[in-house]
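Topology and contacts: notes
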Amino acid sequence: MITKKGLQRLGILLLAVLTAMLAGAVIILLSGANPLNAYYSMLIKPMTSLGNIGGVFIHFIPLLLIGIGVSFTFHAKLNNLGGQGQMLMGALGMTLIGIPPVGDALGAFSLPVGFLLAMIFGAIWAAIAGFMKTRFGASEIVVTLMLNYIAVQAINYILFYHLRTDGEIRSPRIVKMLPKLFEGTRITWGVVIALVLVVVYALVMAKTKFGFNLRTVGGSIKAAKYSGINTKLYYFLSMAISGAFCGIAGAAQISGNTRRLTESTAGDYGFSGIVVAMLGSLHPVGLVIASFLMALLTSGSSMMQTDTGIPESFTQVLQALIVLFILMGMAISDGKVKRRKGGKEK
């Protein structure tokens, strides 16, 4: 059942997207291009052929997985800005298992083992921030951001000195790739993995004691402590679980798309995953819809650049505007609620 608060939040999210699109249209006009043509190339053209749709789903998979991971920390009122680094660590895990000679020895088993190691690597990388938060009270925002830079440089070092191939700073190809879900397209079984994990996320948050306690910690620290919940443990676990999902995103990117590890494997998915979590309002169905929208924007940005000359980076501007307007809408909404409560108390 949809509550009044839920409808209000949905209205804020829709209004934020529409306002961001209108602001983006103004920017496009100022650059001398036609907003209708630009948005057609970005939002409609990627859906006009199976090949283009496959390109959308390539972005959909990591966006959804990182969006789920970030949602776990948001439920605990934490902020995981380290999706890029955690995804890179996951991609490294899949690469180490998937390339020869390990990949040859494991054969088809290299995929499940690679996903498992990617999950562990991502969880460990995020758990560093969780430990710093619970042990020393360090800001998880700062720590996760700094860990992104460390991850990028660590990957560069590993690629340059240990995995470099063909004279280029990139790893060898992994032996096994995720099979295609539909032949003739780029849509792989990674889509199924991501959607199954959405269901897992929904069940954990709605049906388990862990999910209830996590929401309690995020709702009120005092209430959580009064209930006997170890808040530090849930802070740590939410970060580790978040990193595990980001690590899986890295494994899916390597095994379903790039097949090689490079410095840019994680791209901008870390930031975009935060947008997905906010736009999806942490709801399983909302995350799927938001992931598809962000994937559409990302995939269509290259077509928009070709057709209109608007650079691909315009997508990042749109994402930033969406976040800005969501935050503004939530702030205005919360301010009205507080004033209403204050008036009643008087």
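Here the structure is a predicted model, which is why all the values come from computation and not from measurement. (Residues numbered from 1 in each chain as written. Predicted model: local features only at pLDDT ≥ 70, side-chain atom pairs only at ≥ 80, totals over all residues. Heavy atoms only, no water.)

1. Focus: the overall build of the protein chain
For clarity, the cut-off: Numbering goes from the N terminus for both helices and strands, where a helix is a DSSP run of H or I of at least four residues and a strand is a run of E of at least two. Within these notes, the globule rule equals 2.2 Å times the number of residues to the 0.38 power, and the radius of gyration is based on C-alpha atoms. Every residue pair with non-hydrogen atoms within 4.5 Å of one another is taken to be in contact.
Along the backbone of the protein chain there are 14 helices and zero strands. Starting at the N terminus and walking to the C terminus, you meet the elements of the protein chain as α-α-α-α-α-α-α-α-α-α-α-α-α-α. A compact globule built from 346 residues would reach a C-alpha radius of gyration of about 20 Å, and the protein chain, at 21 Å, matches this within 12%. C-alpha extents for the protein chain along the principal axes are approximately 75 × 55 × 35 Å. Taking all contacts inside the protein chain whose residues are at least 6 apart in sequence as the whole, residues at least 24 apart take part in 76%.

2. Section: the packing of aromatic side chains
Quick note on the threshold: Only centres within 6.5 Å qualify two rings of Phe, Tyr or Trp (six-membered ring in Trp) as a pair; their planes then separate them into stacked at under 30 degrees, edge-to-face at over 60, and tilted for everything else. Burial classification: accessible surface area is computed with a 1.4 Å probe over protein chains only, and a residue below 20% of its type maximum counts as buried, one above 50% as exposed, and the rest as partly exposed. To sit over a ring, a charge needs its Lys NZ or Arg CZ within 6 Å of the ring centre and within 35 degrees of the ring normal.
This model, assessed by the stated rule, comprises nine aromatic pairs. Between the aromatic rings of phenylalanine 72 and tyrosine 201, the centroid separation amounts to 5.2 Å while the plane-to-plane angle is 80 degrees, which identifies the pairing as edge-to-face. Residue phenylalanine 72 is found in helix 3 (residues 50–75), and its partner tyrosine 201 is found in helix 8 (residues 190–207); the two are separated by 129 residues along the sequence. Each member of the pair, phenylalanine 72 together with tyrosine 201, is buried. Plain terms: the ring middles of tyrosine 157 and tyrosine 161 are 4.9 Å apart, the flat faces sit at 45 degrees to each other, and that makes the pair tilted. Residue tyrosine 157 and its partner tyrosine 161 are both found in helix 7 (residues 140–163); the two are separated by four residues, about one turn of the helix. Look at tyrosine 157 and you get partly exposed, because its relative accessible area is 47%. Grouping aromatic residues by their ring pairs yields a cluster made of Phe57, Phe60 and Phe292. A cation over a ring is seen here: lysine 133 above tyrosine 235, with NZ or CZ 6.0 Å from the ring centre.

3. Structural notes on a nonpolar patch on the surface
Spelled out, the test is: Patch construction takes residues with relative accessible area above 30% that form no salt bridge. Like charges are linked within 9 Å, and nonpolar side chains (Val, Leu, Ile, Met, Phe, Trp, Tyr) are linked within 5 Å. The method behind every accessible area is Shrake-Rupley, applied with a 1.4 Å probe, and residues are considered shielded solely by the protein chains displayed. Within this document, salt bridges are pairs made up of a side-chain nitrogen of Lys or Arg and a carboxyl oxygen of Asp or Glu, the two lying within 4 Å of each other.
Taken together, the side chains of Ile141, Val142, Leu145, Met146 and Tyr149 present a nonpolar region at the surface, about 460 Å² in accessible area. Along the chain, tyrosine 149 turns up in helix 7. Exposure remark for tyrosine 149: the relative accessible area of 57% places this residue in the exposed category.

4. Some points on the pattern of salt bridges
If you walk through the whole model with that rule in mind, you get three salt bridges. Close ionic contact of glutamate 140 with lysine 133 constitutes a salt bridge, the shortest N to O distance being 3.4 Å. For glutamate 140, a relative accessible area of 6% corresponds to the buried category. Linking arginine 170 and glutamate 168 is a salt bridge whose minimum nitrogen-to-oxygen distance equals 3.6 Å. Its relative accessible area of 23% is what places arginine 170 among the partly exposed residues. The partly exposed category is assigned to glutamate 168, whose relative accessible area is 40%.

5. Considering helix 12 (residues 269–279)
Counting buried residues in helix 12 gives ten out of eleven residues, a clear majority hidden from the surface. Within helix 12 the residues assigned to the buried category are Tyr269, Gly270, Ser272, Gly273, Ile274, Val275, Val276, Ala277, Met278 and Leu279. Positive backbone phi, approximately 55 degrees, marks serine 281, located one or two places after helix 12.

6. Remarks on the packing of helix 4 (residues 83–98) against helix 11 (residues 231–258)
Keep this limit in mind: Only C-alpha atoms enter the line fits that serve as axes; for helices the fit covers just the stretch in contact. Angles between N-to-C directions range over 0 to 180 degrees. Should an angle fall under 35 degrees it is taken as roughly parallel, and over 145 as roughly antiparallel, whereas 65 to 115 is taken as roughly perpendicular and any remaining angle as oblique. Definitions for this section: a left-handed crossing has its near helix turned counterclockwise from the far helix by less than a right angle. A right-handed crossing has that turn clockwise. Three classes are used, and their members are as follows: Ala, Val, Leu, Ile, Met, Phe, Trp, Tyr, Cys and Pro are nonpolar, Asp, Glu, Lys and Arg are charged, and the others, Gly among them, are polar.
Where helix 4 contacts helix 11, the axes come no closer than 6 Å and their chain directions differ by 55 degrees. The orientation of helix 4 relative to helix 11 falls into the category oblique. For the element pair helix 4 and helix 11, the recorded crossing hand is right-handed. Where helix 4 abuts helix 11, its residues Gly83, Gln86, Met87, Gly90, Ala91, Met94 and Thr95 lie against Ser242, Gly243, Cys246, Gly247, Ala249, Gly250, Ala251, Gln253, Ile254 and Ser255. Here the contact of helix 4 with helix 11 is composed, by residue class, of seven nonpolar, ten polar and no charged.

7. So, unusual backbone geometry
The step from proline 100 to proline 101 runs through a cis peptide bond, and the omega angle for that step is 0 degrees. Here proline 101 shows up in the loop between helix 4 and helix 5 (102–106). At arginine 259, a position not held by glycine, the phi torsion is positive, near 70 degrees. Along the chain, the position of arginine 259 falls in the loop between helix 11 and helix 12. On the accessibility criterion, arginine 259 (25% relative accessible area) is partly exposed. The backbone of serine 281 shows a phi angle near 55 degrees, a positive value even though the residue is not glycine. Positionally, serine 281 belongs in the loop between helix 12 and helix 13 (284–308).

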